[in-house]
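Residue-level structural notes
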Protein chains: 2
Amino acid sequence: MKNFKITIEYDGTHFSGWQVQGQNTRTVQGEIERALETITQKRVRVFGSGRTDSGVHAKGQVAHFKSQTKMGLQEFLCALNGNLPDDVRITKIEEASPKFHAQFHVKTKTYRYTILNRAVSPVMERNFCLHVPYKLNIARMREAARLLEGRHDFRSFMTGDPGQRKAPPEKDTVRNLFSLKITRKKHFIFIDAQSNGFLYKMVRSIIGTLLFVGSGKLTPQEVAVILKSKNRTMAGDTAPAHGLCLMEVVY
Amino acid sequence: MKNFKITIEYDGTHFSGWQVQGQNTRTVQGEIERALETITQKRVRVFGSGRTDSGVHAKGQVAHFKSQTKMGLQEFLCALNGNLPDDVRITKIEEASPKFHAQFHVKTKTYRYTILNRAVSPVMERNFCLHVPYKLNIARMREAARLLEGRHDFRSFMTGDPGQRKAPPEKDTVRNLFSLKITRKKHFIFIDAQSNGFLYKMVRSIIGTLLFVGSGKLTPQEVAVILKSKNRTMAGDTAPAHGLCLMEVVY
């Protein structure tokens, strides 16, 4: 039995997220498991680095699965992609050590949130960015972002996970946000967040809060207060899923 | 009667090109004329800088039309965009001189052709780039591109226009290709072509020929021979429409 590590790119627009749920939902994990079953004639369970929500995209999601296939790696990759719909592709396949686990061995994850900041709504990029028609103060957003970087209890930026009845105890909500960088290219604003692990909807809660700072509803200093409060109701709205993309998972 | 100049962005995927044709084809010009009729209650003819084919995109198409509207420019822009489908947007509206003509007064046009050069097909960008899975020799493509720059008779790179019975006489096929630049960003290759005017399917014929050079089917020197031959059958295939985007029109 070999252990395979795969890197996956998907357009989340028409998916109910990464993780298999009910029978009638279209998920990325479900599509990959279906392709694997077609090729290997065996039911195979695929383990992702973590879930992505409905509408969230990925350029570098990672997963692992075990298979007894005798195909070569290139042949296996072609067979997999040939059996996947056009909104999901395996970009890389490697044989991993037998103990490699895509979720438990994550060192860092990088997400990118894309905003189109102009009066007119996006056209080509309409499924891949949030449209913000009013002017954003990037300098203030950067100030707030700097205050969020580092090791903190990010409870204020976590949404209750529908899969869990209660919020986890406090120690479970401490994360190290290695960096939160804001760059601008013409009308586009990119916010890149890198951490050793994100809480449920943490990136989108942070983005929503930064947007409040950019529009003047919050000051950077108030963001520091929100962080300390450990109270989700203090922070900004959860930004929409379609602006978010999982860029890279490092092990 | 005022003369308006508009700049238009569209995702060409679900359009039968720019220009109004029959009754049951969806065109960009048709959608804009419909929005204008809804708003002004008058039938308005919109004149584009030129046609774009079915599937071709635009970031900076330009058009003009005449209207007696009393709306302010910003209000007019909002009303127009509010009546357009989400794959087309007017990004700019200006009042032009009464004699301004979007087609006849063009000084330069810039098109960009996007190629994804990697083994695995594109996901997010699948409607906006050509997938080339085999390795391309960019240095050789650049050599060929340099030979095409400048003032030449581009008859070898023109496809017969279905709207015209015969090819135009030779003097009509001389164009000045100001620049033909190839840049690379990770797996993407961008080819930017700027001219005072392009022949029918000229950019896509040039791209098809450059792809033959990149894959080794043609040498740069053979491209010079093709240019001199003034014979379309010598050049490469017409590259697919969905990789092409009209970036800018200058007056």
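Residues numbered from 1 in each chain as written. Chains lettered and ligands numbered in written order. Predicted model: local features only at pLDDT ≥ 70, side-chain atom pairs only at ≥ 80, totals over all residues. Heavy atoms only, no water.

What to know about the nonpolar core
Ranked by internal contacts, the top residues of the largest apolar core, which has 71 residues, are B:Ile8, B:Ile32 and B:Ile191. With eight residues, the single largest contributor to this core is helix α4 (residues 202-214) of chain B. Counting the residues that make up this core, at least three belong to each of domain 1 (2-96) and domain 2 (108-250) of chain B. Among residues more than four places away in sequence, those in contact with B:Ile32 are B:Ile6, B:Ile8, B:Trp18, B:Val46, B:Leu84 and B:Ile90. Counting residues in hydrophobic clusters, the runner-up holds 69 residues, among them A:Ile93, A:Ile191, A:Leu218 and A:Leu246. (Core = buried A, V, L, I, M, F, W, Y, C linked by side-chain atoms within 4.5 Å. Buried < 20%, exposed > 50% of the residue type's maximum accessible area, 1.4 Å probe, protein only. Helix = DSSP H or I, 4+ residues; strand = E, 2+ residues; numbered from the N terminus. Domains from an automatic or database assignment. Contact = heavy atoms within 4.5 Å.)

Comments concerning the relation of the copies chain A and chain B
Each of the two copies of the chain can be brought onto the other by a rotation about an axis and a shift along it. Mapping chain A onto chain B calls for a screw motion: a turn of 180° about the axis and a shift of 0.0 Å along it, with 0.0 Å RMSD after fitting. Given the turn and translation reported, the copies of this chain are related as if by a two-fold rotation axis. The position closest to the rotation axis in chain A is occupied by the C-alpha of A:Glu125, lying 4.7 Å away. When the interface residues of chain A are mapped onto chain B, 100% of them again fall at the interface, so both copies present the same face. (Least-squares fit on C-alpha atoms with pLDDT ≥ 70 in both.)

Let's talk about the state of the cysteines
On inspection of all chains with the given rule, the structure shows zero disulfides over all chains. Of the cysteine sulfurs around A:Cys245, a residue in no disulfide, the closest is that of A:Cys129, at 12 Å. (Disulfide = S-S within 2.5 Å.)

Some words on the interface of chain A and chain B
Every contact between the two is made by 25 residues of chain A and, on the other side, 25 residues of chain B. Across the contact surface, chain A and chain B share eight salt bridges. A salt bridge links B:Arg126 to A:Asp86, with the nearest nitrogen and oxygen atoms 3.5 Å apart. One can count ten residue pairs in polar contact (both at pLDDT 80 or more) joining chain A with chain B. In terms of residue count, strand β4 (residues 88-96) of chain A provides more of the side of chain A that touches chain B than any other element does, four residues in total. A class-by-class count of the residues in the side of chain A that touches chain B yields eleven nonpolar, four polar and ten charged. (Salt bridge = Lys/Arg side-chain N within 4 Å of Asp/Glu carboxyl O. Polar contact = N/O pair within 3.5 Å; in protein donor to acceptor, adjacent residues only side chain to side chain. Nonpolar A, V, L, I, M, F, W, Y, C, P; charged D, E, K, R; others polar.)

Section: the packing of helix α3 (residues 138-148) of chain A against helix α4 (residues 202-215) of chain A
Residue and element names in this part refer to chain A. Where α3 meets α4, the closest approach of the two axes is 8 Å, and the angle between their N-to-C directions is 140°. Overall, the two elements α3 and α4 adopt an arrangement that is oblique. The handedness of the crossing between α3 and α4 is right-handed. Together, Arg-140, Met-141, Ala-144, Ala-145 and Leu-148 of α3 and Ile-206, Leu-210, Val-213 and Gly-214 of α4 make up the contact between the two elements. Of the residues assigned to the contact of α3 with α4, the class counts are seven nonpolar, one polar and one charged. (Axes fitted to C-alpha atoms, helices over the stretch in contact; angles between N-to-C directions. Parallel < 35°, antiparallel > 145°, perpendicular 65-115°, else oblique. Left-handed = near helix turned anticlockwise from the far one by under 90°.)

Quick notes on the environment of B:Ala144
Residues and elements named next belong to chain B. When you line up the elements, Ala-144 lands in helix α3 (residues 138-148). In this structure the C-alpha to C-alpha distance between Ala-144 and Lys-107, which are 37 residues apart in sequence, comes to 25 Å. Here Ala-144 is in contact with Leu-210, Val-213, Pro-220 and Val-223, once residues within four sequence places are set aside.

A few points about the domain arrangement of chain A
Residue and element names in this part refer to chain A. Segmenting chain A into domains produces domain 1 (2-96) and domain 2 (108-250). The C-alpha centroid of domain 2 is placed 27 Å from the C-alpha centroid of domain 1. Every contact between the two is made by 16 residues of domain 1 and, on the other side, 16 residues of domain 2. For the pair domain 1 and domain 2, the summed buried surface comes to about 1,200 Å²; carbon and sulfur atoms form 54% of the total. Taken as a group, Arg-51, Asp-53 and His-57 account for 39% of the area that domain 1 buries against domain 2, more than any other trio of residues on that side. (Buried area = accessible area lost by both parts, 1.4 Å probe.)

Quick word on unusual backbone geometry
Excluding glycine, residues mostly have negative phi values, and the peptide bonds linking residues are mostly trans. All names here are of chain B. Of note, the phi angle at Lys-186 is positive, near 50°, even though the residue is not glycine. Structurally, Lys-186 is set in the loop between β8 (174-185) and β9 (188-195). A positive phi angle, close to 50°, is found at Lys-230, a residue other than glycine. Among the structural elements, Lys-230 can be located in the loop between α5 (220-229) and β10 (244-250). A residue is classified by how much of its surface remains accessible, and Lys-230, at 34% relative accessible area, is partly exposed.

Overview of the pairing of strand β3 (residues 57-67) of chain A
Remember that side chains alternate between the two faces of the sheet whenever the strand is regular. All names here are of chain A. Among the eleven residues of β3, nine are classified as buried, and the element is accordingly described as predominantly covered. Taken together, the eight bridges between strand β1 (residues 2-10) and β3 define a ladder with antiparallel strand orientation. Within the sheet, the bridge partner assigned to Ile-8 lies in β3 and is Gln-61. Across two bridges, strand β2 (residues 47-48) lies against β3 in antiparallel orientation. Considered in β3, the bridge of Gly-48 is made with Ala-63. By the bridge criterion, two bridges tie β3 to strand β10 (residues 244-250) in an arrangement that is parallel. When the bridges of β10 are listed, His-57 appears paired with Cys-245. (Pairing = 2+ DSSP bridges.)

Concerning the packing of aromatic side chains
In this structure the tally under the stated criterion is 18 aromatic pairs over all chains. Taken together, a centroid distance of 6.4 Å and an interplanar angle of 75° make the contact between A:Tyr10 and A:Phe15 edge-to-face. Each member of the pair, A:Tyr10 together with A:Phe15, is buried. Taken together, A:Phe4, A:Phe65 and A:Phe76 form an aromatic cluster joined through their ring pairs. Of note, B:Arg26 hangs over the ring of B:Phe15, and the distance from its end group to the ring centre comes to 4.1 Å. (Phe/Tyr/Trp six-rings, centres within 6.5 Å; stacked < 30°, edge-to-face > 60°. Lys NZ or Arg CZ within 6 Å of the ring centre and 35° of its normal.)

Considering the pairing of strand β1 (residues 2-10) of chain B
All names here are of chain B. Among the nine residues that make up β1, eight are buried, leaving the element largely enclosed by the rest of the structure. Here β1 runs beside strand β4 (residues 88-96); their pairing, made up of eight bridges, is antiparallel. Residue Phe-4 lies in a different strand from β4, and its bridge partner there is Glu-95.

As for α3(A)
Residues and elements named next belong to chain A. Every buried residue of α3 is listed here: Ile-138, Met-141, Ala-144, Ala-145 and Leu-148. The buried residues of α3 all sit within an arc of 120° when viewed along its axis, so they share a single face. Facing away from the buried surface of α3 by more than 90 degrees, the exposed residues are Ala-139 and Arg-146. Residues of α3 that are buried sit in contact with β7 (150-153), β8 (174-185), β9 (188-195), α4 and α5 (220-229). Two residues or fewer after α3 comes Gly-150, characterised by a positive phi angle close to 105°. (Arc of directions from axis to C-beta.)

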